[in-house]
Amino acid sequence: MDNNEPVIEVTDLVRRFGHQVVLNGVNLQIHRGETMVIMGGSGSGKSTLLRHMIGSLQPDSGSIRLLGQELSALDEEGLNGIRKKFGILFQSGALFNSMTVAENVALPLREHTLLDHNISDFQGKIKLELVGLREHADKFPAQISGGMKKRAGLARALAMDPEIILFDEPDSGLDPVRVSYLDELVKKIQEETGATFLIITHNIASVMRTSDYIAVLYQAGLVKFASKDEMRTTDNPLIRQFLAGRAMGPIGMDELAEERTEIERE
Ligand code: ADP
Ligand code: MG
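Cut-offs used in this document
- Residues numbered from 1 in each chain as written.
- Chains lettered and ligands numbered in written order.
- Predicted model: local features only at pLDDT ≥ 70, side-chain atom pairs only at ≥ 80, totals over all residues.
- Heavy atoms only, no water.
- Near = heavy atom within 4 Å.
- Polar contact = N/O pair within 3.5 Å; in protein donor to acceptor, adjacent residues only side chain to side chain.
- Areas by Shrake-Rupley, 256 points an atom, 1.4 Å probe, with all protein chains shown as cover.
- Helix = DSSP H or I, 4+ residues; strand = E, 2+ residues; numbered from the N terminus.
- Nonpolar A, V, L, I, M, F, W, Y, C, P; charged D, E, K, R; others polar.
- Pairing = 2+ DSSP bridges.
- Axes fitted to C-alpha atoms, helices over the stretch in contact; angles between N-to-C directions.
- Contact = heavy atoms within 4.5 Å.
- Core = buried A, V, L, I, M, F, W, Y, C linked by side-chain atoms within 4.5 Å.
- Buried < 20%, exposed > 50% of the residue type's maximum accessible area, 1.4 Å probe, protein only.
- Expected span 1.5 Å × (residues − 1).
- Phe/Tyr/Trp six-rings, centres within 6.5 Å; stacked < 30°, edge-to-face > 60°.
- pLDDT = per-residue confidence, 0-100.

Which parts of the structure should I look at to understand the site of ligand 1?
Taken together, the neighbourhood of ligand 1 is formed by Phe17, Gln20, Val22, Gly41, Ser42, Gly43, Ser44, Gly45, Lys46, Ser47 and Thr48. At 2.8 Å from an oxygen atom of ligand 1 is found a main-chain nitrogen or oxygen belonging to Gly43. With the chains in place, 61% of the 560 Å² that ligand 1 exposes on its own is no longer accessible. When residues of the shell around ligand 1 are traced back to their parent elements, those giving at least two are β2 (20-30) and α1 (46-53). A per-element tally of the shell around ligand 1 places α1 first, with 3 residues. Tallied by class, the residues present in the shell around ligand 1 amount to 2 nonpolar, 8 polar and 1 charged.

This is the structure in structure tokens:
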């Protein structure tokens, strides 16, 4: 694929569930090595958008191009090939409790490659080193903290050296110090691997630390997709409310009101 071509390009994406329009003409692009954050209230379609991007849902109309390929043109084999380029860390990024941290991280390699188990385990240890968990490799999930579990989930998402890493609310349930540590880790991994990150989060401080581009979804619409700097200076009242985390404003939502942000302090 052409190097200037977006890694992900969503054009006029429309998706309904029954009569409910969930995505009403979404347009966005993300280039290699960039971090895009998707924000929006609960039920605004963030996870649905992500699921279209990995080809697990098909649009009613519009197109999704991934790594230069039109998703609707791919058969199941083609889709599986492209899915291997994704590393995914879901909110409930559950580790298997009966396996050690190291076994959890090596699992995708054991399942999806023909690598000798010794090599899978070794590769898994390299990813654990990257997230600072090498010393905890032989513990079981019940023996490590919530923050460590997220990092182990991240190591597992990295196991196959993905080009695109998707996080669906990776910071939920973490305190601000651990969120900030996870953000540092995202930056470090990005520098070391050059991967593209797509992150759904409500944590404004985290958005400001990690994002290059921000997409805000609100009531079935993409309100705005722009660079972080453009978002910071926009006059759009909805965006200002989102980024300030204010409960008062066009959107009646207090879930974003946990942290004061740079915009709020200005
Ligand atoms: P978010 O991740 O922003 O909280 P979702 O993308 O999960 O929101 O959901 C957006 C809307 O689409 C919600 O109203 C949800 O009920 C609806 N929805 C999501 N998935 C389905 C589905 N498979 N079938 C029917 N409705 C769905
Ligand atoms: Mg969701």
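From this point, things continue past the structure.
Can you walk me through the sheet that holds strand β7 (residues 164-168) in this structure?
Strand pairing in a sheet relies on backbone hydrogen bonds. The paired strands run either parallel or antiparallel. Read from one edge of the open sheet, 6 strands run β6-β7-β8-β3-β9-β10, paired in mixed fashion. What marks the edges here is a single partner per strand, and that holds for β6 (86-89) and β10 (221-227). Across the sheet, the mean angle separating the axes of adjacent strands is 15° when strand polarity is ignored. Two elements, strand β3 (residues 35-40) and strand β8 (residues 196-200), share 4 bridges in a ladder whose sense is parallel. Paired with Val37 across the two strands is Ile199, which belongs to β8. The strands touched by α1 within the sheet are β3, β6, β7, β8 and β9 (213-218), with β3 carrying the most contacts at an inclination of about 140°.

Got a minute to help me understand the nonpolar core in this structure?
One broad trend across soluble globular proteins is that nonpolar side chains are buried collectively. Within the largest apolar cluster, 40 residues are counted, with the highest numbers of intra-cluster contacts made by Met39, Leu128, Val131, Leu154, Phe167, Ile189 and Phe197. Discounting residues that sit within four places of it in the chain, Met39 has contacts with Lys46, Thr201, Ile204, Val207, Ile214, Ala215, Val216, Leu217, Phe242 and Leu243. Residues Leu23, Leu28, Met53 and Ile82 belong to the second largest nonpolar core, which totals 29 residues.

Could you clarify how one ought to interpret the sheet that holds strand β1 (residues 8-17) in this entry?
Spatially, β2-β1-β4-β5 is the arrangement adopted by the 4 strands of the open sheet, whose pairing is antiparallel. In this open sheet, the two strands that pair with only one neighbour each are β2 and β5 (69-70). Where β1 and β2 come together, 8 bridges link them in antiparallel fashion. Pairing of Phe17 across the sheet is with Gln20, part of β2.

Even after reading the chapter, I still don't get helix α5 (residues 146-158), so can you show me in this structure?
Turn by turn, an α-helix covers 3.6 residues, leaving residues three or four places apart pointing in a common direction. Taking 1.5 Å of rise per residue, the 13 residues of α5 would be expected to cover 18 Å, and the 19 Å separating its terminal C-alpha atoms lies within 8% of that figure. In terms of burial, α5 is largely enclosed, as 11 of its 13 residues are buried. Gly147, Met148, Lys150, Arg151, Ala152, Gly153, Leu154, Ala155, Arg156, Ala157 and Leu158 are the residues of α5 that are buried. On its buried side, α5 packs onto β6, α3 (101-112), α4 (117-130), β7 and α6 (176-193).

Just to check I follow, could you spell out the packing of aromatic side chains for this structure?
Any two aromatic rings considered together are summarised by their centre-to-centre distance and by the angle between their planes. If you walk through the whole model with that rule in mind, you get 2 aromatic pairs. Look at Phe167 and Phe197: their rings are 5.9 Å apart centre to centre, the planes differ by 85°, and that puts the pair in the edge-to-face class. Highlighted residues: Phe167 in strand β7 and Phe197 in strand β8, separated in sequence by 30 residues. Of the two residues examined, Phe167 and Phe197, each falls in the buried class.

Honestly, the side chain of Lys127 in this entry has me stumped. Any pointers?
Residue placement: Lys127 occurs in helix α4. Of the residues examined, Lys127 reaches a relative accessible area of 9% and is grouped as buried. For Lys127, the residues in contact, after removing those within four places along its chain, are Val105, Ala155, Leu158, Ala159 and Asp161.

What is the right way to read the confidence of the model for the protein chain from this model?
Any residue range with low pLDDT should be treated as having predicted coordinates unsuitable for detailed reading. Of the residues in the protein chain, 90% have a pLDDT of 70 or more, and the chain-wide mean is 86. Residue range residues 253-266 is modelled with pLDDT below 50. Its contacts to residues more than four positions away, or to other chains, number 28 contacts.

It is not clear to me how the side chain of Ser44 should be interpreted in this structure. Could you clarify?
Note on placement: Ser44 falls in the loop between β3 and α1. You can call Ser44 buried: its relative accessible area is 5%. Reaching out from Ser44, the side chain makes a polar contact with the backbone oxygen of Gly41 at a distance of 2.7 Å. Other than its neighbours up to four places away in sequence, Ser44 contacts Val22, Leu217, Tyr218, Gln219 and Ala220.

Would you take a moment to explain the environment of Pro141 for this structure?
Of note, Pro141 is situated in the loop between α4 and α5. Separated by 44 residues in the primary sequence, Pro141 and Asn97 place their C-alpha atoms 5.6 Å from one another. With sequence-adjacent residues up to four places away left out, Pro141 is seen in contact with Leu95, Phe96, Asn97, Met99, Asn104 and Lys149.

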